[in-house]
Amino acid sequence: MPVAERERRMSRPYGGVFVARSRIMDGEDITRALRRMAHEILERNHGSQELILIGLQTGGVQLAHALAATLEDIEELEQHSLPVCTLDVALYRDDIGIRPVIPEEVTDIPFDLDSKVVVLVDDVLFTGRTIRAALDAVIDFGRPRMVQLAVMVDRGHRELPIRPDFVGKNLPTRRHELVNVTMDGVELGELQKS
Amino acid sequence: MNSFNAQEARDADRSQRAHLLSIADLDREQIEELLRVTDTFVEVGRRPIPKVPALRGRTVVMLFFEDSTRTRLSFETAAKRLSADTMSFSVSSSSLNKGESVRDTIETIEAMGIDAVVVRHKSSGVPAQIARWTSASVINAGDGWHQHPTQALLDAYTARSHLGSLEGRRIALVGDIKHSRVARSNIEIFTALGAQVTLVAPRTLLPASTSAWPVQVSQDLDAVLPTVDVCYLLRMQQERMTEALVPTLREYTATYGLTSARADQMAEGAIIMHPGPMNRGVEIASEVADRPSAVITEQVANGVAVRSAVLFTLLGAGRLQGSSAAAATNSSNELSIQTDSVLAEELAHAEEAS
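What comes next concerns the included structure.

Parameters and conventions
Residues numbered from 1 in each chain as written. Chains lettered and ligands numbered in written order. Predicted model: local features only at pLDDT ≥ 70, side-chain atom pairs only at ≥ 80, totals over all residues. Heavy atoms only, no water. Pairing = 2+ DSSP bridges. Helix = DSSP H or I, 4+ residues; strand = E, 2+ residues; numbered from the N terminus. Axes fitted to C-alpha atoms, helices over the stretch in contact; angles between N-to-C directions. Contact = heavy atoms within 4.5 Å. Salt bridge = Lys/Arg side-chain N within 4 Å of Asp/Glu carboxyl O. Buried < 20%, exposed > 50% of the residue type's maximum accessible area, 1.4 Å probe, protein only. Buried area = accessible area lost by both parts, 1.4 Å probe. Polar contact = N/O pair within 3.5 Å; in protein donor to acceptor, adjacent residues only side chain to side chain.

### Brief notes about the sheet that holds strand S4 (residues 137-143) of chain B
All names here are of chain B. Here four strands make up an open sheet; going across it, the order is S2-S1-S3-S4 and the pairing parallel. A single partner strand is all that each edge strand has here, and the edge strands are strand S2 (85-90) and S4. The mean inter-strand angle of the sheet, taken between neighbouring strand axes irrespective of direction, is 15°. The sheet contact formed by strand S1 (residues 59-64) and S2 spans six bridges and is parallel. Counted as the bridge partner of Met62 is Ser88 from S2. Strands in contact with helix H5 (residues 126-133) are S1, strand S3 (116-121) and S4; relative to S4, the strand with the most contacts, it is inclined by about 165°.

Structural data, given as C-alpha coordinates:
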(Lines give C-alpha, C1' and ligand atoms only; values in the text may rest on other atoms or scores of the structure.)
Protein backbone atom coordinates (compact mmCIF):
# COMPACT_ATOMS: atom_id res chain seq x y z
CA MET A 1 0.00 0.00 0.00
CA PRO A 2 1.45 3.40 -0.92
CA VAL A 3 2.43 5.66 1.97
CA ALA A 4 -0.14 8.34 1.14
CA GLU A 5 -2.90 5.76 1.00
CA ARG A 6 -1.82 4.30 4.32
CA GLU A 7 -1.71 7.71 5.92
CA ARG A 8 -5.17 8.47 4.64
CA ARG A 9 -6.48 5.23 6.07
CA MET A 10 -4.70 5.71 9.35
CA SER A 11 -5.80 9.28 9.69
CA ARG A 12 -9.42 9.03 8.66
CA PRO A 13 -10.90 7.56 11.86
CA TYR A 14 -8.63 9.42 14.23
CA GLY A 15 -8.12 12.84 12.68
CA GLY A 16 -4.32 12.86 12.55
CA VAL A 17 -1.32 11.07 11.11
CA PHE A 18 0.28 7.94 12.55
CA VAL A 19 3.90 8.41 13.55
CA ALA A 20 5.85 5.24 14.42
CA ARG A 21 8.00 5.29 17.54
CA SER A 22 9.27 1.74 17.78
CA ARG A 23 9.30 -1.41 15.73
CA ILE A 24 7.97 -4.45 17.58
CA MET A 25 8.03 -7.17 14.90
CA ASP A 26 9.47 -7.39 11.41
CA GLY A 27 8.16 -9.22 8.36
CA GLU A 28 9.81 -12.51 9.33
CA ASP A 29 8.34 -12.32 12.83
CA ILE A 30 4.91 -11.92 11.25
CA THR A 31 5.48 -14.97 9.05
CA ARG A 32 6.61 -17.04 12.05
CA ALA A 33 3.68 -15.87 14.16
CA LEU A 34 1.24 -16.75 11.36
CA ARG A 35 2.82 -20.22 11.09
CA ARG A 36 2.40 -20.84 14.84
CA MET A 37 -1.18 -19.53 14.79
CA ALA A 38 -1.98 -21.77 11.82
CA HIS A 39 -0.70 -24.81 13.74
CA GLU A 40 -2.78 -23.81 16.76
CA ILE A 41 -5.90 -23.42 14.60
CA LEU A 42 -5.36 -26.87 13.08
CA GLU A 43 -4.70 -28.39 16.49
CA ARG A 44 -7.83 -26.88 18.01
CA ASN A 45 -10.08 -27.86 15.09
CA HIS A 46 -8.51 -31.23 14.24
CA GLY A 47 -7.68 -30.09 10.72
CA SER A 48 -9.06 -27.52 8.31
CA GLN A 49 -12.15 -29.25 6.90
CA GLU A 50 -14.82 -26.93 8.24
CA LEU A 51 -12.83 -23.71 8.46
CA ILE A 52 -13.99 -20.41 6.97
CA LEU A 53 -11.68 -17.44 7.50
CA ILE A 54 -13.20 -13.97 7.69
CA GLY A 55 -10.80 -11.04 7.51
CA LEU A 56 -12.12 -7.85 9.09
CA GLN A 57 -11.81 -4.79 6.85
CA THR A 58 -9.43 -3.30 6.43
CA GLY A 59 -6.48 -4.52 8.55
CA GLY A 60 -7.53 -8.15 8.89
CA VAL A 61 -8.02 -8.98 5.23
CA GLN A 62 -4.41 -9.30 4.19
CA LEU A 63 -3.67 -11.30 7.35
CA ALA A 64 -6.60 -13.63 6.64
CA HIS A 65 -5.25 -14.35 3.16
CA ALA A 66 -1.74 -14.90 4.55
CA LEU A 67 -3.12 -17.17 7.28
CA ALA A 68 -5.10 -19.17 4.71
CA ALA A 69 -1.99 -19.57 2.55
CA THR A 70 -0.04 -20.80 5.58
CA LEU A 71 -2.80 -23.27 6.52
CA GLU A 72 -2.92 -24.59 2.95
CA ASP A 73 0.85 -24.96 3.00
CA ILE A 74 0.88 -26.93 6.26
CA GLU A 75 -2.07 -29.13 5.28
CA GLU A 76 -0.66 -29.58 1.76
CA LEU A 77 -3.88 -28.31 0.21
CA GLU A 78 -4.27 -26.63 -3.14
CA GLN A 79 -3.71 -22.89 -3.18
CA HIS A 80 -6.86 -20.83 -2.51
CA SER A 81 -8.81 -23.93 -1.52
CA LEU A 82 -9.67 -22.56 1.95
CA PRO A 83 -12.59 -20.13 1.90
CA VAL A 84 -11.55 -16.57 2.83
CA CYS A 85 -14.22 -13.89 3.23
CA THR A 86 -14.10 -10.21 4.05
CA LEU A 87 -16.33 -8.27 6.41
CA ASP A 88 -16.75 -4.54 7.02
CA VAL A 89 -18.44 -4.09 10.39
CA ALA A 90 -19.21 -0.36 10.03
CA LEU A 91 -22.98 -0.88 9.87
CA TYR A 92 -22.90 -2.91 13.10
CA ARG A 93 -20.77 -0.57 15.21
CA ASP A 94 -22.07 0.78 18.51
CA ASP A 95 -20.61 4.26 17.98
CA ILE A 96 -22.69 5.22 14.93
CA GLY A 97 -23.86 8.78 15.53
CA ILE A 98 -21.11 9.37 18.10
CA ARG A 99 -18.23 9.56 15.67
CA PRO A 100 -18.25 9.51 11.87
CA VAL A 101 -18.64 5.90 10.75
CA ILE A 102 -18.57 4.98 7.09
CA PRO A 103 -18.19 1.59 5.40
CA GLU A 104 -14.67 1.58 3.95
CA GLU A 105 -14.50 -1.61 2.00
CA VAL A 106 -16.53 -4.51 0.69
CA THR A 107 -18.19 -7.27 2.65
CA ASP A 108 -17.96 -10.48 0.68
CA ILE A 109 -19.30 -13.66 2.31
CA PRO A 110 -20.45 -15.89 -0.57
CA PHE A 111 -20.43 -19.07 1.57
CA ASP A 112 -23.06 -20.60 3.80
CA LEU A 113 -21.79 -20.26 7.36
CA ASP A 114 -24.22 -22.78 8.86
CA SER A 115 -22.40 -25.36 11.04
CA LYS A 116 -18.98 -24.15 9.88
CA VAL A 117 -16.11 -23.04 12.09
CA VAL A 118 -15.61 -19.34 11.46
CA VAL A 119 -12.24 -17.81 12.32
CA LEU A 120 -12.40 -14.03 12.52
CA VAL A 121 -9.03 -12.50 11.65
CA ASP A 122 -8.03 -8.97 12.61
CA ASP A 123 -4.78 -7.09 12.95
CA VAL A 124 -5.18 -5.50 16.40
CA LEU A 125 -7.47 -6.43 19.30
CA PHE A 126 -8.10 -3.38 21.47
CA THR A 127 -11.45 -2.55 23.13
CA GLY A 128 -13.21 -5.56 21.60
CA ARG A 129 -15.97 -3.42 20.12
CA THR A 130 -15.09 -4.25 16.52
CA ILE A 131 -15.27 -7.95 17.36
CA ARG A 132 -18.65 -7.46 19.06
CA ALA A 133 -19.91 -5.85 15.87
CA ALA A 134 -18.36 -8.62 13.77
CA LEU A 135 -20.12 -11.30 15.85
CA ASP A 136 -23.47 -9.63 15.22
CA ALA A 137 -22.72 -9.39 11.51
CA VAL A 138 -21.61 -13.02 11.21
CA ILE A 139 -24.81 -14.24 12.84
CA ASP A 140 -26.82 -12.40 10.16
CA PHE A 141 -25.12 -14.62 7.57
CA GLY A 142 -25.90 -17.93 9.23
CA ARG A 143 -25.33 -20.02 12.34
CA PRO A 144 -21.72 -21.16 12.54
CA ARG A 145 -20.97 -24.15 14.78
CA MET A 146 -18.23 -22.09 16.40
CA VAL A 147 -16.64 -18.66 16.03
CA GLN A 148 -12.98 -18.22 16.92
CA LEU A 149 -10.81 -15.12 16.93
CA ALA A 150 -7.27 -14.76 15.61
CA VAL A 151 -5.41 -11.44 15.98
CA MET A 152 -1.84 -10.45 15.19
CA VAL A 153 -1.55 -8.09 18.18
CA ASP A 154 -3.50 -8.10 21.44
CA ARG A 155 -2.85 -4.68 22.93
CA GLY A 156 -5.15 -4.93 25.98
CA HIS A 157 -7.66 -2.34 27.26
CA ARG A 158 -10.70 -4.51 26.65
CA GLU A 159 -14.10 -2.89 27.26
CA LEU A 160 -16.13 -6.03 26.59
CA PRO A 161 -15.84 -9.66 27.72
CA ILE A 162 -14.05 -10.79 24.55
CA ARG A 163 -10.80 -12.75 24.33
CA PRO A 164 -8.78 -13.96 21.35
CA ASP A 165 -8.23 -17.67 20.64
CA PHE A 166 -5.04 -17.21 18.62
CA VAL A 167 -2.61 -14.33 19.22
CA GLY A 168 0.49 -13.29 17.25
CA LYS A 169 1.85 -11.13 20.01
CA ASN A 170 0.66 -9.78 23.33
CA LEU A 171 1.74 -6.17 23.41
CA PRO A 172 1.14 -4.02 26.50
CA THR A 173 0.31 -0.48 25.35
CA ARG A 174 -0.95 2.80 26.63
CA ARG A 175 -4.44 3.80 25.69
CA HIS A 176 -3.44 6.76 23.51
CA GLU A 177 -0.83 4.81 21.56
CA LEU A 178 -1.55 3.29 18.17
CA VAL A 179 -0.43 -0.05 16.77
CA ASN A 180 0.13 -0.35 13.03
CA VAL A 181 0.24 -3.86 11.58
CA THR A 182 1.32 -4.59 8.00
CA MET A 183 2.82 -7.69 6.42
CA ASP A 184 6.20 -6.00 6.90
CA GLY A 185 5.90 -5.80 10.65
CA VAL A 186 4.32 -4.19 13.67
CA GLU A 187 4.98 -0.63 14.76
CA LEU A 188 4.01 1.09 17.97
CA GLY A 189 3.50 4.80 17.70
CA GLU A 190 1.30 7.76 18.29
CA LEU A 191 -1.16 9.91 16.49
CA GLN A 192 0.17 13.30 15.56
CA LYS A 193 -2.64 15.80 15.30
CA SER A 194 -2.36 17.53 11.99
CA MET B 1 -11.31 9.37 25.94
CA ASN B 2 -12.78 8.28 29.28
CA SER B 3 -14.47 11.62 29.73
CA PHE B 4 -16.04 11.16 26.34
CA ASN B 5 -19.74 11.79 26.67
CA ALA B 6 -21.88 9.89 24.22
CA GLN B 7 -24.96 12.00 24.90
CA GLU B 8 -23.06 15.23 24.26
CA ALA B 9 -21.70 13.83 21.03
CA ARG B 10 -25.19 12.85 19.92
CA ASP B 11 -26.51 16.32 20.75
CA ALA B 12 -23.65 17.94 18.84
CA ASP B 13 -24.41 15.65 15.93
CA ARG B 14 -28.05 16.69 16.04
CA SER B 15 -27.23 20.40 16.03
CA GLN B 16 -25.23 20.19 12.81
CA ARG B 17 -27.36 17.81 10.86
CA ALA B 18 -26.67 17.49 7.19
CA HIS B 19 -29.22 17.64 4.41
CA LEU B 20 -29.49 16.42 0.85
CA LEU B 21 -31.38 19.10 -1.04
CA SER B 22 -29.72 19.33 -4.42
CA ILE B 23 -27.02 17.58 -6.43
CA ALA B 24 -25.45 21.03 -6.91
CA ASP B 25 -24.56 21.02 -3.18
CA LEU B 26 -22.34 17.98 -3.60
CA ASP B 27 -18.82 18.02 -4.96
CA ARG B 28 -17.49 15.16 -7.04
CA GLU B 29 -15.79 13.54 -4.06
CA GLN B 30 -19.03 13.46 -2.07
CA ILE B 31 -20.90 11.97 -5.01
CA GLU B 32 -18.21 9.31 -5.42
CA GLU B 33 -18.38 8.49 -1.73
CA LEU B 34 -22.18 8.12 -1.82
CA LEU B 35 -21.84 5.80 -4.81
CA ARG B 36 -19.16 3.80 -3.00
CA VAL B 37 -21.35 3.46 0.11
CA THR B 38 -24.16 2.37 -2.25
CA ASP B 39 -22.01 -0.64 -3.19
CA THR B 40 -22.13 -1.66 0.46
CA PHE B 41 -25.91 -1.52 0.51
CA VAL B 42 -26.25 -3.41 -2.77
CA GLU B 43 -24.32 -6.17 -1.00
CA VAL B 44 -26.55 -5.89 2.10
CA GLY B 45 -29.57 -6.38 -0.19
CA ARG B 46 -28.17 -9.71 -1.37
CA ARG B 47 -27.73 -11.14 2.13
CA PRO B 48 -29.98 -13.85 3.59
CA ILE B 49 -31.13 -11.23 6.11
CA PRO B 50 -31.02 -7.95 4.15
CA LYS B 51 -31.02 -5.75 7.21
CA VAL B 52 -28.36 -4.09 9.33
CA PRO B 53 -28.77 -2.49 12.76
CA ALA B 54 -26.99 0.74 11.80
CA LEU B 55 -29.82 3.22 12.44
CA ARG B 56 -31.67 1.50 15.27
CA GLY B 57 -33.72 3.97 17.26
CA ARG B 58 -33.67 6.64 14.54
CA THR B 59 -36.93 7.81 13.04
CA VAL B 60 -37.40 8.77 9.41
CA VAL B 61 -40.58 10.56 8.34
CA MET B 62 -41.91 10.36 4.81
CA LEU B 63 -43.53 13.72 4.17
CA PHE B 64 -45.15 13.47 0.76
CA PHE B 65 -47.20 16.47 -0.27
CA GLU B 66 -47.36 15.06 -3.78
CA ASP B 67 -48.31 11.58 -4.94
CA SER B 68 -45.59 9.01 -5.22
CA THR B 69 -45.50 5.27 -4.93
CA ARG B 70 -42.07 4.15 -5.98
CA THR B 71 -40.03 6.86 -4.30
CA ARG B 72 -41.91 6.55 -1.02
CA LEU B 73 -41.77 2.76 -0.97
CA SER B 74 -38.12 2.89 -1.96
CA PHE B 75 -37.26 5.27 0.90
CA GLU B 76 -39.29 3.19 3.36
CA THR B 77 -37.53 -0.01 2.34
CA ALA B 78 -34.18 1.76 2.53
CA ALA B 79 -34.89 3.02 6.05
CA LYS B 80 -36.13 -0.40 7.18
CA ARG B 81 -33.01 -2.10 5.84
CA LEU B 82 -31.11 0.18 8.23
CA SER B 83 -33.45 -0.76 11.11
CA ALA B 84 -34.72 2.82 11.36
CA ASP B 85 -38.35 3.44 12.29
CA THR B 86 -40.48 5.05 9.63
CA MET B 87 -43.58 7.21 9.76
CA SER B 88 -45.56 8.00 6.70
CA PHE B 89 -47.55 11.07 5.95
CA SER B 90 -49.64 11.83 2.93
CA VAL B 91 -51.62 14.96 2.34
CA SER B 92 -54.97 13.29 1.86
CA SER B 93 -54.99 11.83 5.37
CA SER B 94 -53.46 14.78 7.23
CA SER B 95 -54.42 17.98 8.97
CA LEU B 96 -53.18 19.93 5.94
CA ASN B 97 -56.67 19.30 4.65
CA LYS B 98 -57.91 21.15 7.72
CA GLY B 99 -55.79 24.16 6.83
CA GLU B 100 -52.63 23.53 8.84
CA SER B 101 -49.54 25.23 7.38
CA VAL B 102 -46.44 23.31 6.28
CA ARG B 103 -44.46 24.94 9.07
CA ASP B 104 -46.90 23.87 11.77
CA THR B 105 -46.97 20.38 10.33
CA ILE B 106 -43.17 20.21 10.52
CA GLU B 107 -43.09 21.49 14.06
CA THR B 108 -45.73 19.01 15.15
CA ILE B 109 -43.89 16.10 13.61
CA GLU B 110 -40.59 17.30 15.00
CA ALA B 111 -42.02 17.40 18.51
CA MET B 112 -42.46 13.65 18.24
CA GLY B 113 -38.68 13.32 17.93
CA ILE B 114 -37.49 12.63 14.42
CA ASP B 115 -34.07 12.32 12.82
CA ALA B 116 -34.77 12.70 9.12
CA VAL B 117 -37.56 14.00 6.92
CA VAL B 118 -37.98 12.86 3.35
CA VAL B 119 -39.88 15.62 1.58
CA ARG B 120 -41.71 15.71 -1.72
CA HIS B 121 -43.63 18.80 -2.73
CA LYS B 122 -45.06 20.19 -5.93
CA SER B 123 -43.25 23.52 -5.43
CA SER B 124 -39.54 24.09 -5.84
CA GLY B 125 -37.64 25.07 -2.72
CA VAL B 126 -39.97 23.59 -0.11
CA PRO B 127 -37.40 21.05 1.18
CA ALA B 128 -34.82 23.85 1.49
CA GLN B 129 -37.33 25.91 3.44
CA ILE B 130 -38.16 22.98 5.71
CA ALA B 131 -34.43 22.46 6.34
CA ARG B 132 -34.38 25.92 7.94
CA TRP B 133 -37.27 25.10 10.21
CA THR B 134 -36.18 21.75 11.54
CA SER B 135 -33.14 20.27 13.22
CA ALA B 136 -33.72 16.95 11.47
CA SER B 137 -31.89 15.98 8.30
CA VAL B 138 -33.94 16.87 5.26
CA ILE B 139 -33.81 14.73 2.13
CA ASN B 140 -35.33 16.13 -1.01
CA ALA B 141 -37.45 13.45 -2.68
CA GLY B 142 -38.48 15.77 -5.48
CA ASP B 143 -39.55 19.43 -5.37
CA GLY B 144 -41.45 20.92 -8.28
CA TRP B 145 -39.32 21.22 -11.38
CA HIS B 146 -36.21 21.77 -9.30
CA GLN B 147 -34.40 18.67 -8.04
CA HIS B 148 -34.69 14.97 -7.35
CA PRO B 149 -31.22 14.16 -6.02
CA THR B 150 -31.70 10.52 -5.00
CA GLN B 151 -33.04 9.73 -8.48
CA ALA B 152 -29.91 11.28 -9.97
CA LEU B 153 -27.69 9.27 -7.63
CA LEU B 154 -29.38 5.98 -8.47
CA ASP B 155 -29.19 6.80 -12.19
CA ALA B 156 -25.49 7.59 -11.93
CA TYR B 157 -24.95 4.38 -9.97
CA THR B 158 -26.86 2.29 -12.52
CA ALA B 159 -25.11 3.90 -15.49
CA ARG B 160 -21.73 3.37 -13.87
CA SER B 161 -22.43 -0.28 -13.09
CA HIS B 162 -22.90 -0.83 -16.85
CA LEU B 163 -20.38 1.56 -18.35
CA GLY B 164 -17.64 1.76 -15.74
CA SER B 165 -16.52 5.37 -15.35
CA LEU B 166 -18.76 8.06 -16.81
CA GLU B 167 -15.74 10.18 -17.72
CA GLY B 168 -16.11 11.24 -21.37
CA ARG B 169 -19.31 9.24 -21.85
CA ARG B 170 -22.12 10.73 -23.91
CA ILE B 171 -25.59 10.81 -22.42
CA ALA B 172 -28.79 11.98 -24.14
CA LEU B 173 -31.69 13.22 -22.02
CA VAL B 174 -34.78 12.95 -24.19
CA GLY B 175 -38.21 14.42 -23.67
CA ASP B 176 -39.88 16.84 -21.34
CA ILE B 177 -36.87 18.69 -19.93
CA LYS B 178 -38.81 21.80 -18.95
CA HIS B 179 -41.03 20.22 -16.32
CA SER B 180 -38.48 17.68 -15.16
CA ARG B 181 -36.68 17.82 -11.83
CA VAL B 182 -35.06 14.53 -12.80
CA ALA B 183 -33.47 16.25 -15.81
CA ARG B 184 -32.09 19.11 -13.69
CA SER B 185 -30.56 16.76 -11.12
CA ASN B 186 -29.25 14.35 -13.71
CA ILE B 187 -27.60 17.05 -15.82
CA GLU B 188 -25.70 18.07 -12.68
CA ILE B 189 -24.65 14.61 -11.59
CA PHE B 190 -23.68 13.32 -15.04
CA THR B 191 -21.67 16.47 -15.72
CA ALA B 192 -20.01 16.31 -12.30
CA LEU B 193 -18.91 12.75 -13.07
CA GLY B 194 -17.36 13.84 -16.36
CA ALA B 195 -20.04 12.86 -18.88
CA GLN B 196 -21.25 15.00 -21.79
CA VAL B 197 -24.99 15.59 -21.74
CA THR B 198 -27.13 16.34 -24.78
CA LEU B 199 -30.72 17.42 -24.36
CA VAL B 200 -33.08 16.22 -27.07
CA ALA B 201 -36.51 17.86 -26.97
CA PRO B 202 -38.84 20.11 -28.92
CA ARG B 203 -38.27 23.77 -28.04
CA THR B 204 -41.58 23.91 -26.25
CA LEU B 205 -40.37 21.28 -23.78
CA LEU B 206 -37.08 23.04 -23.04
CA PRO B 207 -36.76 25.71 -20.35
CA ALA B 208 -36.67 29.35 -21.47
CA SER B 209 -32.89 29.30 -21.48
CA THR B 210 -30.37 26.49 -21.31
CA SER B 211 -27.33 28.73 -21.87
CA ALA B 212 -26.24 28.43 -18.23
CA TRP B 213 -26.28 24.63 -18.40
CA PRO B 214 -23.20 22.67 -19.43
CA VAL B 215 -25.14 20.82 -22.13
CA GLN B 216 -25.68 20.59 -25.86
CA VAL B 217 -29.18 20.84 -27.25
CA SER B 218 -30.56 19.03 -30.26
CA GLN B 219 -33.91 18.54 -31.93
CA ASP B 220 -32.79 15.52 -33.94
CA LEU B 221 -33.04 12.27 -31.96
CA ASP B 222 -32.02 10.13 -34.95
CA ALA B 223 -28.71 11.99 -35.28
CA VAL B 224 -27.91 11.87 -31.57
CA LEU B 225 -28.87 8.25 -30.78
CA PRO B 226 -25.99 6.39 -32.52
CA THR B 227 -23.42 8.56 -30.70
CA VAL B 228 -24.57 8.04 -27.11
CA ASP B 229 -23.75 5.52 -24.38
CA VAL B 230 -26.95 6.25 -22.47
CA CYS B 231 -30.35 7.20 -23.83
CA TYR B 232 -32.26 8.60 -20.86
CA LEU B 233 -35.97 9.02 -21.56
CA LEU B 234 -38.12 11.33 -19.51
CA ARG B 235 -41.79 10.82 -18.89
CA MET B 236 -44.25 13.05 -20.72
CA GLN B 237 -45.69 14.74 -17.65
CA GLN B 238 -49.24 15.20 -18.74
CA GLU B 239 -50.38 16.26 -15.28
CA ARG B 240 -47.96 19.19 -15.38
CA MET B 241 -48.93 20.28 -18.86
CA THR B 242 -51.60 22.88 -18.60
CA GLU B 243 -51.08 24.07 -22.13
CA ALA B 244 -50.61 22.34 -25.45
CA LEU B 245 -46.83 22.05 -25.75
CA VAL B 246 -46.87 19.30 -28.33
CA PRO B 247 -49.51 19.03 -31.05
CA THR B 248 -50.44 15.47 -30.19
CA LEU B 249 -48.82 12.66 -28.26
CA ARG B 250 -48.71 10.67 -31.50
CA GLU B 251 -46.68 13.35 -33.17
CA TYR B 252 -44.37 13.46 -30.16
CA THR B 253 -43.87 9.70 -30.38
CA ALA B 254 -43.13 9.92 -34.09
CA THR B 255 -40.38 12.53 -33.55
CA TYR B 256 -39.00 11.89 -30.06
CA GLY B 257 -40.26 8.46 -28.99
CA LEU B 258 -37.79 5.58 -28.68
CA THR B 259 -39.30 3.21 -31.19
CA SER B 260 -37.88 -0.22 -32.00
CA ALA B 261 -36.33 1.14 -35.20
CA ARG B 262 -34.61 3.95 -33.28
CA ALA B 263 -33.43 1.64 -30.50
CA ASP B 264 -31.74 -0.50 -33.18
CA GLN B 265 -29.65 2.53 -34.15
CA MET B 266 -28.02 2.68 -30.72
CA ALA B 267 -24.40 1.66 -30.30
CA GLU B 268 -23.41 -1.76 -29.00
CA GLY B 269 -23.40 -1.74 -25.19
CA ALA B 270 -25.40 1.47 -24.92
CA ILE B 271 -28.19 1.43 -22.35
CA ILE B 272 -31.72 2.81 -22.13
CA MET B 273 -32.88 4.42 -18.90
CA HIS B 274 -36.18 5.80 -17.67
CA PRO B 275 -37.06 7.18 -14.22
CA GLY B 276 -40.56 5.67 -14.32
CA PRO B 277 -43.48 5.52 -14.39
CA MET B 278 -43.28 4.76 -18.11
CA ASN B 279 -45.87 5.72 -20.69
CA ARG B 280 -45.43 2.68 -22.89
CA GLY B 281 -46.15 3.63 -26.46
CA VAL B 282 -45.48 7.33 -25.89
CA GLU B 283 -41.83 8.08 -25.01
CA ILE B 284 -40.79 4.43 -25.21
CA ALA B 285 -42.12 1.57 -27.29
CA SER B 286 -43.36 -1.30 -25.18
CA GLU B 287 -41.01 -3.77 -26.86
CA VAL B 288 -37.99 -1.49 -26.27
CA ALA B 289 -38.75 -1.23 -22.55
CA ASP B 290 -38.38 -5.01 -22.24
CA ARG B 291 -35.03 -5.27 -24.04
CA PRO B 292 -31.97 -6.31 -22.04
CA SER B 293 -30.35 -2.95 -22.80
CA ALA B 294 -33.22 -1.23 -20.95
CA VAL B 295 -32.09 -1.15 -17.32
CA ILE B 296 -35.26 0.34 -15.91
CA THR B 297 -36.05 -2.29 -13.26
CA GLU B 298 -32.40 -2.24 -12.24
CA GLN B 299 -32.76 1.48 -11.60
CA VAL B 300 -35.59 0.71 -9.19
CA ALA B 301 -33.57 -1.98 -7.42
CA ASN B 302 -30.56 0.31 -7.07
CA GLY B 303 -32.87 3.03 -5.75
CA VAL B 304 -33.23 1.23 -2.43
CA ALA B 305 -29.46 0.86 -2.02
CA VAL B 306 -28.79 4.49 -2.96
CA ARG B 307 -31.39 5.75 -0.50
CA SER B 308 -29.95 3.54 2.25
CA ALA B 309 -26.56 5.04 1.47
CA VAL B 310 -27.97 8.57 1.66
CA LEU B 311 -29.77 7.91 4.95
CA PHE B 312 -26.73 6.26 6.47
CA THR B 313 -24.34 8.92 5.24
CA LEU B 314 -26.53 11.69 6.65
CA LEU B 315 -27.56 10.07 9.94
CA GLY B 316 -24.84 7.55 10.67
CA ALA B 317 -21.73 9.11 9.28
CA GLY B 318 -22.86 12.71 9.71
CA ARG B 319 -21.28 13.43 6.34
CA LEU B 320 -22.30 15.83 3.60
CA GLN B 321 -22.37 18.67 6.09
CA GLY B 322 -20.55 21.86 5.32
CA SER B 323 -22.02 21.63 1.88
CA SER B 324 -25.77 21.43 1.81
CA ALA B 325 -26.11 22.21 5.52
CA ALA B 326 -24.12 25.38 5.05
CA ALA B 327 -26.08 26.18 1.93
CA ALA B 328 -29.29 25.94 3.90
CA THR B 329 -28.17 28.07 6.83
CA ASN B 330 -26.08 30.64 4.96
CA SER B 331 -28.85 31.64 2.64
CA SER B 332 -31.30 31.73 5.49
CA ASN B 333 -33.51 34.42 4.00
CA GLU B 334 -33.29 33.61 0.35
CA LEU B 335 -33.54 30.52 -1.70
CA SER B 336 -30.47 29.68 -3.70
CA ILE B 337 -30.22 31.37 -7.06
CA GLN B 338 -30.90 28.19 -8.87
CA THR B 339 -34.07 27.44 -6.93
CA ASP B 340 -35.08 31.03 -7.53
CA SER B 341 -34.94 30.79 -11.29
CA VAL B 342 -36.84 27.51 -11.38
CA LEU B 343 -39.40 28.92 -8.99
CA ALA B 344 -39.83 32.06 -11.10
CA GLU B 345 -40.46 29.93 -14.14
CA GLU B 346 -42.97 27.83 -12.22
CA LEU B 347 -44.80 30.90 -11.00
CA ALA B 348 -44.97 32.44 -14.46
CA HIS B 349 -46.28 29.12 -15.68
CA ALA B 350 -48.99 29.04 -12.99
CA GLU B 351 -50.04 32.62 -13.80
CA GLU B 352 -50.29 31.89 -17.49
CA ALA B 353 -52.39 28.87 -16.73
CA SER B 354 -54.88 30.71 -14.54
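### Regarding the pattern of salt bridges
Tallied over the full model, the rule gives 30 salt bridges over all chains. Measuring nitrogen to oxygen at the nearest pair gives 3.8 Å for the salt bridge that ties Glu28(A) to Arg32(A). Taken as a pair, Glu28(A) and Arg32(A) lie in helix H2 (residues 27-45) at a separation of four residues, close to a single helical turn. There is no split in this pair, since Glu28(A) and Arg32(A) are both exposed. Salt-bridge contacts for Asp222(B) lead to Arg262(B); the nearest nitrogen and oxygen are separated by 2.9 Å. Placement of the pair is Asp222(B) in helix H8 (residues 221-224) and Arg262(B) in helix H10 (residues 260-264), with a sequence separation of 40 residues. According to the relative accessible area criterion, Arg262(B) is buried, its value standing at 8%. Taken together, the salt bridges that share partners define one network made up of Asp94(A), Arg129(A), Glu159(A) and Arg175(A).

### Concerning the interface of chain B and chain A
The interface is formed by 29 residues belonging to chain B together with 17 residues belonging to chain A. A combined buried area of about 2,000 Å² lies between chain B and chain A, and 59% of that area is made up of carbon and sulfur atoms. Run the count over chain B and chain A and you get zero salt bridges. Taken together, the connections running from chain B to chain A amount to three residue pairs in polar contact (both at pLDDT 80 or more). Sorting the residues of the side of chain B that touches chain A by element identifies helix H1 (6-15), helix H2 (28-45) and helix H12 (296-316) of chain B as the ones contributing at least two each.

### Some thoughts on the environment of Leu34(A)
Residue and element names in this part refer to chain A. Tracing the sequence through the fold places Leu34 in helix H2. Along the chain, Leu34 and Val167 lie 133 residues apart, while their C-alpha atoms are 9.1 Å from each other. Residues in contact with Leu34, not counting those within four places in the same chain, are Leu63, Ala66, Leu67, Thr70, Met152 and Met183.

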